[in-house]
Each structure stands twice: as C-alpha cells, then as structure tokens.
Amino acid sequence: MAYHSQRRLVSGLLLFALLGYSAVSIAATGTFKKSIAVNANAIVEVSNLQGNVIVRGADVDKVTIRARIEVDKRLAKTSPQKAAKLIGAIRRSPPVETIENRIVIGELKKHTHQRYATISYDIQVPSKATVKVHSVSGDVRVSGVSGTVDATSDKGEVSVAETTSDQVPDRS
C-alpha cells in the first residue's frame, strides 16, 4: 500500500514539475506580426542586438514582419509575471518604425527590453527593396532581393543568396 502512495506522490510531483516548466516556457515566448504597405523600392533597415534575421524578397507591395520574442530564461523562471509583461510590452509596441518608404526594424527603446529580450525576425520585402541588416549576436540570411543588400553580423553567420545585388556580405 505504501508503495502505491509513493508512486502516486512521485507521479504527481513529476506532473507538477512538467506543468510548471511548460508554464514558464509559454510565459517566456511570444510573437508579433506587422505588415506595412510600401512601394517596390522600399528601404528596409534591421538592427538587431540578439536574434536571427531572415529577409526574403518577393513580388509584393508590402513589408511583412514576423517576429518571435524570447525572454531570458532566468527572468522567466524567477518572475514569470515580469516575463509576460515584457513580452506584452513588445507586442503592443513592436520595434518597427515607418518613415515614408523606409522601414526601420529592431531598435528596442528600453534598456530592460534590450537586456532580457531576444527577437528573431522573418521579414518579407519587395524584391527590388534596398536591405540593410545588422545583427550583433545572431545569424543573418537574405535571399531573393535584387536591390542593394548590406548584411552584417558581429557574432553570427551571414548568407546572401538568390540576389542580383552587387553587395557582398560583411562577415566581420
């Protein structure tokens, strides 16, 4: 009889631990999507502190930004409420600015956001757009863009493919 009680207790604790871990994992990530109408010769600038950046050119008349936000696991574990609040703040006010036909992506305004959030971007742009991407810590991939491409990463790989641009990625 004691064996069954211990087994139920261990099973219950294991289930609790798994559910608790899932709750923290869920609280530590979020997404946002934003589409902005532009003309074919748009200028798209991405400056990302942490996270990968993928830019794909297509026959479209808008820039579509899909982003995945990840909050530092320590913050998510010690304060899931703060992690959820941080994700909510970024989702409500994504780091995207439009200046006429120029889209600036990635400048997190608050120090707290920069310190605890990683944002990875998947961005679709008009194929004739001018694209400038810099990631401090993350990979950069650009494809299908015939406009000027300037792609750099301080601590990540850079890949530029299927482009007709004369620009060569800076692998510094």
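Residues numbered from 1 in each chain as written. Predicted model: local features only at pLDDT ≥ 70, side-chain atom pairs only at ≥ 80, totals over all residues. Heavy atoms only, no water.

Visitor: Help me understand the overall build of the protein, please; the structure alone is not making it clear to me.
Guide: Of the regular secondary structure elements, the protein holds four helices and eleven strands. Counting only residues that meet the buried cut, the protein has 35% of its 172 residues in that class. A separation of at least 24 residues holds for 63% of the contacts in the protein among residues at least 6 apart in sequence. Of the roughly 10500 Å² of accessible surface on the protein, 52% is carried by carbon and sulfur atoms. (Helix = DSSP H or I, 4+ residues; strand = E, 2+ residues; numbered from the N terminus. Buried < 20%, exposed > 50% of the residue type's maximum accessible area, 1.4 Å probe, protein only. Contact = heavy atoms within 4.5 Å. Areas by Shrake-Rupley, 256 points an atom, 1.4 Å probe, with all protein chains shown as cover.)

Visitor: What should I look at first to understand the packing of aromatic side chains in this one?
Guide: Within a pair of aromatic rings, the relevant descriptors are the distance that separates the centres and the angle that separates the planes. What the rule picks out here adds up to one aromatic pair. With 6.5 Å between their ring centres and 75° between their planes, F32 and Y121 make a pair best called edge-to-face. With F32 in strand β1 (residues 29-37) and Y121 in strand β7 (residues 117-126), this residue pair connects regions lying 89 residues apart in the sequence. Assigned by exposure class, F32 and Y121 land together as buried. (Phe/Tyr/Trp six-rings, centres within 6.5 Å; stacked < 30°, edge-to-face > 60°.)

Visitor: Is there a simple way to think about the nonpolar core in this case?
Guide: Where a protein is soluble and globular, its nonpolar side chains tend to be buried together. Membership of the largest hydrophobic core comes to 38 residues, with the highest contact counts inside it found for I65, I105, Y121, I123 and V125. When near neighbours in sequence (up to four residues on either side) are disregarded, I123 contacts V46, V53, I54, V55, R56, V63, T64, I65 and I105. (Core = buried A, V, L, I, M, F, W, Y, C linked by side-chain atoms within 4.5 Å.)

Visitor: Just to check I follow, could you spell out the layout of surface pockets for this structure?
Guide: Rolled over the atoms, a probe with the dimensions of a water molecule shows which regions are left empty. By volume, the second largest pocket amounts to about 220 Å³. Lining the second largest pocket are 15 residues, with S93, P94, P95, E107 and K109 sitting closest to its centre. Elements that contribute at least two residues to the lining of the second largest pocket include exactly α3 (80-92), β5 (96-99) and β6 (102-105). Grouping the amino acids of the lining of the second largest pocket by side-chain chemistry returns eight nonpolar, three polar and four charged. (1 Å grid on protein atoms, 1.4 Å probe; cavity = no way out; pocket = protein on both sides within 12 Å on 5 of 7 lines; lining within 4 Å. Points joined across faces, edges and corners; volume = space filled by probe spheres on them. Nonpolar A, V, L, I, M, F, W, Y, C, P; charged D, E, K, R; others polar.)

Visitor: What is the right way to read the confidence of the model for the protein from this model?
Guide: Should pLDDT be low for a region, the predicted coordinates there are not to be read in detail. When pLDDT is averaged across the protein, the result is 83; 77% of the residues are at 70 or more. Across residues 12-27, confidence stays below pLDDT 50; counting only partners more than four residues off in sequence or on other chains, it has six contacts. (pLDDT = per-residue confidence, 0-100.)

Visitor: Would you take a moment to explain the sheet that holds β7 for this structure?
Guide: Taking strand neighbours across the sheet as the criterion, the six strands line up as β1-β4-β7-β3-β9-β11 in an open arrangement whose pairing is mixed. The open sheet terminates on both sides in strands that have one partner only, identified here as β1 and β11 (158-161). Between one strand axis and the next, the sheet turns by 10° as a mean value, whatever way the strands run. Where strand β3 (residues 53-58) meets strand β9 (residues 140-143), four bridges bridge the pair, whose relative direction is parallel. Paired with I54 across the strands is R141, a residue of β9. Across the sheet, α3 touches β1, β4 (62-71) and β7, and the angle it forms with β4 is around 170°. (Pairing = 2+ DSSP bridges. Axes fitted to C-alpha atoms, helices over the stretch in contact; angles between N-to-C directions.)

Visitor: Before we go on, may I ask you to explain the pattern of salt bridges in this structure?
Guide: When the charged atoms of two side chains with opposite charge come close together, those side chains can pair. Summed over all chains, the structure comprises four salt bridges. Put simply, R102 and E45 hold a salt bridge, and the shortest N to O gap is 3.1 Å. With R102 in strand β6 and E45 in strand β2 (residues 43-50), this pair connects stretches of sequence that are 57 residues apart. We classify E45 as partly exposed; its relative accessible area is 23%. Residues E70 and R68 are paired through a salt bridge, measuring 3.4 Å at the closest nitrogen-oxygen approach. Here E70 falls in the partly exposed class, since its relative accessible area comes to 34%. Using a relative accessible area of 41% as the deciding quantity, one classes R68 as partly exposed. (Salt bridge = Lys/Arg side-chain N within 4 Å of Asp/Glu carboxyl O.)

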